[in-house]
Amino acid sequence: MSSAIAQNLARLHQTVPPSVRLIAVSKTFPPAAIREAYATGIRDFGESRIQEAIPKQEALQDLTDIQWHFIGHLQTNKARKALQHFHWIHTCDSLKLAQRLNQIAPELPQSPQILLQVKIRPDPDKYGWTPAQLQTDLEALDHLNALKIQGLMTILPLGLTEAETLKAFEDLQDLRENIGQQTWVNLKMEELSMGMSGDYPLAIQGGATMIRLGRIIFGTREASQTENRLSSTH
Ligand SMILES: *Cc1c(COP(=O)(O)O)cnc(C)c1O
């Protein structure tokens, strides 16, 4: 008999095209849950707190082909740890953070892929560039030649209708294309990380290359764990 996690993933594999990278967001879930998802073929896992991720990564050291994705807010003073422990950082949200990552990256054996977090809709609760701010900073970002910037990421504000959600995802895709058509030395615009458990079909429709799914794979995160997570990041 297969586990609930395996059943959830089997269902997802019927709706997520193979060209879209499915990132299993394992925050608040133990290494055993990650092993279950791994056993079904998942290799990409997302974590939003470095201090939670490191012991889990240590417990899973035998699974050498996991790609770890950092999806939480990254404070500048944790930049080195993020570079050391993740293959992807989805949440580079300011020029200052990008410059810090660029400064440290050459000191480390490998440098992760970076996505730029965009507030495609105004949202006082979220970090990231507005499209206009990003356009202003692109020139400077392009010169950070130790960074492998690969595309854009967004987290939508709560409470949008389906139509508004799809339009927001399409706007991020348009922004990616628009930036991708400009001439850059280092910057690449191949990837679009958008869509969570509640809206991933719309994200795929809007052009996502990566979707970040937690609850729909692992089940609801317990209130107490969520509170811990919130109180330690704010
Ligand atoms: C927690 C989280 C997810 C996953 O959310 P679910 O609703 O559990 O699918 C995706 N992206 C980010 C940035 C998150 O913090």
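Conventions adopted
Residues numbered from 1 in each chain as written. Predicted model: local features only at pLDDT ≥ 70, side-chain atom pairs only at ≥ 80, totals over all residues. Heavy atoms only, no water. Helix = DSSP H or I, 4+ residues; strand = E, 2+ residues; numbered from the N terminus. Rg over C-alpha atoms; globule rule 2.2 N^0.38 Å. Buried < 20%, exposed > 50% of the residue type's maximum accessible area, 1.4 Å probe, protein only. Areas by Shrake-Rupley, 256 points an atom, 1.4 Å probe, with all protein chains shown as cover. Lys, Arg positive; Asp, Glu negative; His and termini not counted. Charge placed at Lys NZ, Arg CZ, Asp CG, Glu CD. Near = heavy atom within 4 Å. Polar contact = N/O pair within 3.5 Å; in protein donor to acceptor, adjacent residues only side chain to side chain. Expected span 1.5 Å × (residues − 1). Arc of directions from axis to C-beta. pLDDT = per-residue confidence, 0-100. Contact = heavy atoms within 4.5 Å. Salt bridge = Lys/Arg side-chain N within 4 Å of Asp/Glu carboxyl O. Core = buried A, V, L, I, M, F, W, Y, C linked by side-chain atoms within 4.5 Å.

Caption draft 1: Here's a closer look at the overall build of the protein chain. What the protein chain contains, in helices and strands, is 10 helices and eight strands. For 234 residues, the compact-globule estimate of 2.2 N^0.38 gives 17 Å, and the protein chain sits close to it at 17 Å. A principal-axis box enclosing the C-alpha atoms of the protein chain has dimensions of 55 × 45 × 35 Å. The 234 residues of the protein chain split such that 51% are buried. When the accessible surface of the protein chain is split by element, carbon and sulfur atoms take 50% of a total near 11300 Å². Across the protein chain, 23 positive and 25 negative side-chain charges occur, with their mean positions spaced 5 Å apart.

Caption draft 2: A look at the site of the ligand. Around the ligand sit V25, K27, I71, I155, M196, S197, R212, L213, G214, R215 and R221, and those are all the residues in its vicinity. In this structure, G214 approaches the ligand through a main-chain N or O atom, which is 2.8 Å from an oxygen atom.

Caption draft 3: Up close: helix α1 (residues 4–15). For α1, spanning 12 residues, the distance from its first C-alpha to its last is 17 Å, which sits close to the expected 16 Å at 1.5 Å a residue. Among the residues of α1, I5, A6, N8, L9 and L12 are the ones counted as buried. Projected down its long axis, α1 shows its buried positions confined to an angular sector of 160°, all on one face. Every exposed residue of α1 that faces more than 90 degrees away from the buried side is listed here: A4, R11 and Q14.

Caption draft 4: Expanded view of the confidence of the model for the protein chain. Overall, the prediction assigns the protein chain a mean pLDDT of 94, with 94% of residues at 70 or greater. Scored below 50 in pLDDT, residues 227–234 makes seven contacts in the model with residues more than four places away or belonging to other chains.

Caption draft 5: Region of interest: the pattern of salt bridges. One pass over the full model with this rule turns up 10 salt bridges. D44 is the partner of R21 in a salt bridge, and the nearest nitrogen-oxygen pair spans 2.8 Å. Linking R21 in strand β1 (residues 21–25) with D44 in strand β2 (residues 44–47), this pair joins segments that are 23 residues apart in sequence. What makes D44 buried here is its relative accessible area of 9%.

Caption draft 6: Region of interest: the nonpolar core. Formed by 69 residues in total, the largest nonpolar core has its most connected members in F45, L101, L134, L141 and L152. With six residues, the single largest contributor to this core is helix α7 (residues 162–181). Not counting residues up to four positions away in its chain, the partners in contact with F45 are I23, A24, S26, I34, A37, Y38, I66, Q67, W68, H69 and F218. Membership of the second largest hydrophobic core comes to five residues, among which are W88, L115, M153 and M210.

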